[in-house]
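# Commentary on secondary and tertiary structure
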Amino acid sequence: MSVLEKTITLLQEMPEISVKKVYQFIQNLQSQQNNELTTIQKTTENNQSKALESYQALQSYIGILPKDFDYKKELEEAREEKYGRFD
């Protein structure tokens, strides 16, 4: 016998006032779950929106650097400028 069938059997044996309380409890539980799902969906949508904005910002930098750009040289120069005085 499934949980649902067992629950129905118990409900059929309960007095009406108890069934009403169980019903109200189930309604509250369902309402809480719906609120949690809505919150999760909003958070997910917000995160996706932020991710898309970040991706688009990165895409805007494509093609800005010259073809002969030497990132290793630039990195070394930046490190020397920032940390070279400590040698």
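Residues numbered from 1 in each chain as written. Predicted model: local features only at pLDDT ≥ 70, side-chain atom pairs only at ≥ 80, totals over all residues. Heavy atoms only, no water.

### Structural notes on the overall build of the protein
Helix and strand content of the protein: three helices and zero strands. Listing the helices and strands of the protein from first to last along the sequence gives α-α-α. Relative to its length of 87 residues, the protein is extended, with a C-alpha radius of gyration of 31 Å against a globular reference of 12 Å. For the protein, the spread of C-alpha atoms along the principal axes amounts to about 85 × 35 × 25 Å. Within the span of the protein, comprising 87 residues, buried residues form 1% of the whole. Summed over all atoms, the accessible surface of the protein reaches about 8600 Å², with 56% contributed by carbon and sulfur. The centroid of the 11 positive side-chain charges in the protein is displaced by 5 Å from the centroid of its 14 negative side-chain charges. (Helix = DSSP H or I, 4+ residues; strand = E, 2+ residues; numbered from the N terminus. Rg over C-alpha atoms; globule rule 2.2 N^0.38 Å. Buried < 20%, exposed > 50% of the residue type's maximum accessible area, 1.4 Å probe, protein only. Areas by Shrake-Rupley, 256 points an atom, 1.4 Å probe, with all protein chains shown as cover. Lys, Arg positive; Asp, Glu negative; His and termini not counted. Charge placed at Lys NZ, Arg CZ, Asp CG, Glu CD.)

### Considering the pattern of salt bridges
Evaluated as defined, the whole model comprises one salt bridge. One salt bridge in this structure joins Lys-73 and Glu-77, with 3.9 Å as the shortest N-O distance. Within this pair, Lys-73 and its partner Glu-77 are both found in helix α3 (residues 71-83), separated by four residues, close to a single helical turn. Residue class for Lys-73 comes out partly exposed when judged on its relative accessible area of 47%. (Salt bridge = Lys/Arg side-chain N within 4 Å of Asp/Glu carboxyl O.)

### Observations regarding the environment of Asn-46
Counting through the fold element by element, Asn-46 comes out in helix α2 (residues 16-59). Owing to a relative accessible area of 40%, Asn-46 belongs among the partly exposed residues under this scheme. Considered as a pair, Asn-46 and Asn-34 are twelve residues apart in the sequence and their alpha carbons are 18 Å apart.

### Focus: α3
Taking 1.5 Å per residue as the helical rise, α3 with its 13 residues ought to reach 18 Å, and the 18 Å between its terminal C-alpha atoms agrees with that figure. The backbone nitrogen of Lys-72 lies 3.3 Å from a side-chain oxygen of the residue at the head of α3, namely Asp-70. (Expected span 1.5 Å × (residues − 1). Polar contact = N/O pair within 3.5 Å; in protein donor to acceptor, adjacent residues only side chain to side chain.)

### Here we look at the confidence of the model for the protein
Confidence in the prediction for the protein averages 91 pLDDT; 98% of positions are at 70 or higher. Per-residue pLDDT, averaged within each element of the protein, yields its smallest value for α3 (91) and its largest for α2 (94). (pLDDT = per-residue confidence, 0-100.)

### Brief notes about a nonpolar patch on the surface
Among the surface-exposed residues, Phe-25, Ile-26 and Leu-29 lie close enough to one another that they form a single nonpolar patch of about 290 Å² accessible area. For Leu-29, the location among the structural elements is in helix α2. The class for Leu-29 is partly exposed, based on a relative accessible area of 37%. (Patch = residues over 30% accessible without salt bridge, like charges linked within 9 Å, V, L, I, M, F, W, Y side chains within 5 Å.)

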